[in-house]
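Residue strings, one per chain:
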Amino acid sequence: MAGGFLFLSGALAPLGPLLGGALAGVALPLPFLLAGGLLLGLAPLWRRGRAA
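Residue numbers run consecutively from 1 along every chain, following the written order of its sequence. Owing to the predicted nature of the model, reporting of local features is limited to residues with pLDDT of at least 70; listing and counting of side-chain atom pairs is limited to 80 or more, with chain, interface and lining totals taken over all residues. As a convention, hydrogens and water are excluded, and side-chain values are obtained from all of the structure's heavy atoms.

Engineer: Before we go on, may I ask you to explain the overall build of the chain in this structure?
Structural biologist: What the chain contains, in helices and strands, is three helices and zero strands. Each helix corresponds to a stretch of at least 4 residues labelled H or I by DSSP, and each strand to a stretch of at least 2 residues labelled E; elements are numbered beginning at the N terminus. Its helices and strands in sequence order give the chain the pattern α-α-α, from N to C terminus. Computed over its C-alpha atoms, the radius of gyration of the chain comes to 22 Å, more than 25% above the 10 Å expected for a compact globule of 52 residues. The C-alpha extent of the chain, read off along each of the three principal axes, is 70 × 20 × 5 Å. Both definitions apply: the radius of gyration is a C-alpha atom measure, and the globule rule equals 2.2 Å times residues to the power 0.38.

Engineer: Please explain a nonpolar patch on the surface as it appears in this structure.
Structural biologist: Taken together, the side chains of F7, L8, L12, L15 and L18 make up a nonpolar region of the molecular surface, amounting to roughly 560 Å² of accessible area. Mapped by element, the contributors of at least two residues to the nonpolar patch are α1 (2-12) and α2 (15-27). Assignment of secondary structure puts L8 in helix α1. To count toward a patch, a residue needs a relative accessible area above 30% and no salt bridge. Like charges then connect within 9 Å, nonpolar side chains (Val, Leu, Ile, Met, Phe, Trp, Tyr) within 5 Å. Here the open area of atoms and residues is found with the Shrake-Rupley method and a 1.4 Å probe, where only the protein chains shown may cover a residue. Salt bridges are identified by distance alone: a Lys or Arg side-chain nitrogen within 4 Å of an Asp or Glu carboxyl oxygen.

Engineer: Would you mind showing me how to read the environment of F5 here?
Structural biologist: With respect to the helices and strands, the residue F5 is situated in helix α1. Through-space distance from the C-alpha of F5 to that of G25 is 30 Å; in sequence the pair is 20 residues apart.

Engineer: I keep staring at the environment of A13 and nothing clicks. Help me out?
Structural biologist: Tracing the backbone shows A13 in the loop between α1 and α2. Expressed as a C-alpha distance, the spacing of A13 and L45, which sit 32 residues apart in the sequence, is 49 Å.

Engineer: Would you explain the confidence of the model for the chain in this entry?
Structural biologist: Keep in mind that low pLDDT regions are not for reading the predicted coordinates in detail. One number per residue, pLDDT, summarises how confident the predictor is, and it ranges from 0 to 100. Here the chain averages 80 in pLDDT, while 92% of its residues score no lower than 70. In the model of the chain, α2 stands out as the element of lowest mean pLDDT, 78, in contrast to helix α3 (residues 30-51), which has the highest, 83.

Below, the structure written as structure tokens:
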């Protein structure tokens, strides 16, 4: 049991830094993309309110 666990944990160890790097690459632009999408979504409502 312990041997299987050690084998799996050793085999999966390189995935940690790879996954962390991928998440860091996605996490940095994500708030900017969400804010831009929110502004684009609210622009027609803002324009409608100004015209009325």
